[in-house]
Amino acid sequence: MSVVAKRILVTGGAGFLGSHLCERLLAQGDDVLCVDNYFTGRKDNVAHLLGDLHFEAMRHDITHPLFVEVDEIYNLACPASPIHYQFDPVQTTKTSVIGAINMLGLAKRLKAKIFQASTSEIYGDPNVHPQSETYRGNVNTIGPRACYDEGKRCAETLFFDYFRQHRLRIRVARIFNTYGPRMHPNDGRVVSNFIVQALKGAPITLYGDGSQTRAFCFVDDLIEGFLRLMAAPDEVTGPINLGNPHETSVAELAELVLSLTGSRSSITRRPLPIDDPVQRCPDIGQASTMLGWHPTTPLQEGLKHTIAYFDKLLTERGAIEDSALLVTP
Ligand code: NAD
Ligand code: UDP
Ligand code: UDP
């Protein structure tokens, strides 16, 4: 007897994380519908999947209703990097809030299981370390990051209200900083900025004194966490932290990128952006006990894969604008 493939919708499927997720789902035999408005996603990210009969790409903005037939939904659509989500902050909140309502309405009609890509940003600038799921956060409701943080917080609220009110099967993952191939070279995030700058021999832009910390998770590890969470029993709704608990200061990251690329770039200081969290590190106890999940890729190894990706990209498209290299707060 043949097993019928599951039909899976991935919103934001042409983005960094979404494209890796589409790939993994296809590899495990699922049928994938990628929905994206290409605001920060790129057709290039999924071009290699277009020949697969089990893959379909649709241009659509999730702030508008969507009528399709699927068994599961991964809701990833939302710009993730500060310069992109602050470009049109009203649209960012709409994507998180109205987009969530539409995708939850879709899931309700279809009785489909639905996954939300939430974020460590819901903890704001945390005063508890490491952050566990019970911590309620410290978000500035009116700052420049609020369109993203509050939008994602409201989306979590909607997921849990649809769960309680409509018995929807939900999964909410709070994702911490993730990096890897297919990050947007111009998205201003620290890993892509440092690598592109190092490869070009341009100055490495260190914001503040570089003592602020982040914990960086390699994309393949994160996607494994998504799949495990989706496959977990329905009681496992989350919110559940997914990230790498190995904390690194931004200054250490700069040194590591310089040494792995062999670059002679200098380090230049820039002001710390407003509301930039001082310290961030996940407590992944729940993911470990409930999903048996923990990241396995050391930072050095993940960075090597990411450097190789950007090296190829820069060689192929020597045309990446120089403005892409010096994104400042
Ligand atoms: P990304 O910007 O590469 O991907 C987001 C995708 O969503 C893009 O393809 C974009 O075009 C699409 N999109 C944006 N608004 C849309 C809309 N209204 N309708 C349809 N498509 C839309 O970012 P990413 O890093 O792949 O992040 C994916 C998800 O994971 C986001 O929801 C983000 O908030 C979350 N997340 C990511 C990280 C990380 O470190 N990468 C950390 C925490 C949370
Ligand atoms: N929705 C959608 N696709 C569907 C079903 C619903 O996009 O297949 C949207 C619909 O437009 C609505 C939202 O999801 O605005 C919420 O739907 P729900 O049924 O929860 O609420 P209501 O329709 O009562 O507002
Ligand atoms: N950062 C930096 N130089 C850059 C880009 C970012 O020093 O060129 C810092 C930034 O101030 C923050 C950290 O690196 O403290 C992570 O920034 P990113 O935008 O990647 O992620 P987020 O702040 O959302 O965690």
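Our subject is the structure listed above.
Note that the structure is predicted; figures quoted are calculated from it, not measured.

Colleague: Go over unusual backbone geometry, please, and point to the residues and values.
Modeller: P130 follows H129 through a cis peptide bond whose omega is -15 degrees. Inspection of the secondary structure puts P130 in the loop between β5 (113-119) and α5 (146-166). In the segment running from G238 into P239, the intervening peptide bond is cis, with an omega of 0 degrees. Residue position: P239 is located in the loop between α7 (219-231) and β11 (240-242). At R182, a residue that is not glycine, the phi angle is positive and equals roughly 80 degrees. Along the polypeptide, R182 turns up in the loop between β7 (178-179) and α6 (190-200). Among the residues examined, R182 registers a relative accessible area of 14% and is labelled buried. The phi angle at D275 is positive, at roughly 65 degrees, despite the residue not being glycine. In this fold, D275 is placed in the loop between β13 (267-270) and α9 (285-291). By relative accessible area, D275 is classed as partly exposed at 31%.

Colleague: Which residues make up the site of ligand 2, and what values go with them?
Modeller: In the vicinity of ligand 2, the contacting residues are P65, L66, F67, I101, N102, G105, L106, K108, R109 and Y162. Between ligand 2 and I101 there is a distance of 3.5 Å, counted from an oxygen atom to a backbone nitrogen or oxygen. For the shell around ligand 2, the element with the most residues is helix α4 (residues 89-110), which contributes six residues. Among the residues forming the shell around ligand 2, the class breakdown is six nonpolar, two polar and two charged.

Colleague: Give a detailed account of the packing of helix α8 (residues 250-261) against helix α10 (residues 299-316), specifying residues and quantitative values.
Modeller: One way to put it is that α8 packs onto α10 with a least axis distance of 11 Å and a crossing angle of 60 degrees. Of the possible angle classes, the one that applies to α8 and α10 is oblique. For the crossing formed where α8 meets α10, the hand is right-handed. In this structure, α8 contributes L253, L256, V257, L260 and T261 to the contact, and α10 contributes L299, Q300, L303, K304 and I307. Split by residue class, the contact of α8 with α10 holds seven nonpolar, two polar and one charged.

Colleague: Requested: an account of the site of ligand 1, with residues and values cited.
Modeller: Around ligand 1 sit 30 residues in total, of which L17, D36, T40, Y148 and K152 are the nearest. T178 places a polar main-chain atom, nitrogen or oxygen, 2.9 Å from an oxygen atom of ligand 1. Burial of ligand 1 by the protein amounts to 96% of the accessible area it has alone, namely 820 Å². Of all the elements in the fold, those that place two or more residues in the shell around ligand 1 are α1 (16-27), α4, β5 and α5. Tallying contributions element by element places β5 first for the shell around ligand 1, with three residues. Tallied by class, residues from the shell around ligand 1 come to 14 nonpolar, twelve polar and four charged.

Colleague: How would you summarise the sheet that holds β5 if you had to cite specific residues and measurements?
Modeller: Overall, parallel pairing links the seven strands, which are arranged β3-β2-β1-β4-β5-β6-β11 in an open sheet. Since the sheet does not close on itself, it has two edges, and those belong to β3 (55-59) and β11, each with one partner. Ignoring which end each strand starts from, the neighbouring axes of this sheet average 20 degrees apart. Packing of α5 onto the sheet brings it into contact with β5 and β6 (170-175), and relative to β5 it is tilted by some 155 degrees.

Colleague: Could you give me a rundown of the pattern of salt bridges, with the residues and numbers involved?
Modeller: Scanning the entire structure with this criterion turns up 17 salt bridges. Two residues, R109 and E69, come together in a salt bridge whose shortest N-O distance is 3.4 Å. With R109 in helix α4 and E69 in the loop between β3 and β4 (72-75), the pair connects residues that are 40 residues apart, well separated along the chain. With its nearest N and O atoms 3.3 Å apart, the salt bridge here joins D276 to R214. Here R214 lies in strand β9 (residues 213-215) and D276 lies in the loop between β13 and α9, a separation of 62 residues in the sequence. Taken individually, D276 and R214 each receive the classification buried, so the pair is uniform in this respect. Through salt bridges with shared partners, one network takes in E121, R145, R214, D276 and R280.

Colleague: Describe the packing of aromatic side chains, listing the residues and the values that go with them.
Modeller: In the structure shown here, the tally under the stated rule is nine aromatic pairs. Summarising the aromatic geometry, the rings of Y74 and F115 are spaced 5.1 Å apart at their centres and angled 45 degrees between planes, so their arrangement reads as tilted. Of this pair, Y74 sits in strand β4 while F115 is found in strand β5, placing the two residues 41 residues apart along the sequence. The pair formed by Y74 and F115 is uniform in burial state, with each residue classed as buried. Three or more aromatic residues joined by ring pairs make a cluster, and in this case those are Y74, F115 and F226. Between the NZ or CZ atom of K43 and the centre of the ring of Y38, over which it lies, the distance is 5.5 Å.

Calculation rules
Residues numbered from 1 in each chain as written. Chains lettered and ligands numbered in written order. Predicted model: local features only at pLDDT ≥ 70, side-chain atom pairs only at ≥ 80, totals over all residues. Heavy atoms only, no water. Helix = DSSP H or I, 4+ residues; strand = E, 2+ residues; numbered from the N terminus. Buried < 20%, exposed > 50% of the residue type's maximum accessible area, 1.4 Å probe, protein only. Near = heavy atom within 4 Å. Polar contact = N/O pair within 3.5 Å; in protein donor to acceptor, adjacent residues only side chain to side chain. Nonpolar A, V, L, I, M, F, W, Y, C, P; charged D, E, K, R; others polar. Axes fitted to C-alpha atoms, helices over the stretch in contact; angles between N-to-C directions. Parallel < 35°, antiparallel > 145°, perpendicular 65-115°, else oblique. Left-handed = near helix turned anticlockwise from the far one by under 90°. Contact = heavy atoms within 4.5 Å. Areas by Shrake-Rupley, 256 points an atom, 1.4 Å probe, with all protein chains shown as cover. Pairing = 2+ DSSP bridges. Salt bridge = Lys/Arg side-chain N within 4 Å of Asp/Glu carboxyl O. Phe/Tyr/Trp six-rings, centres within 6.5 Å; stacked < 30°, edge-to-face > 60°. Lys NZ or Arg CZ within 6 Å of the ring centre and 35° of its normal.

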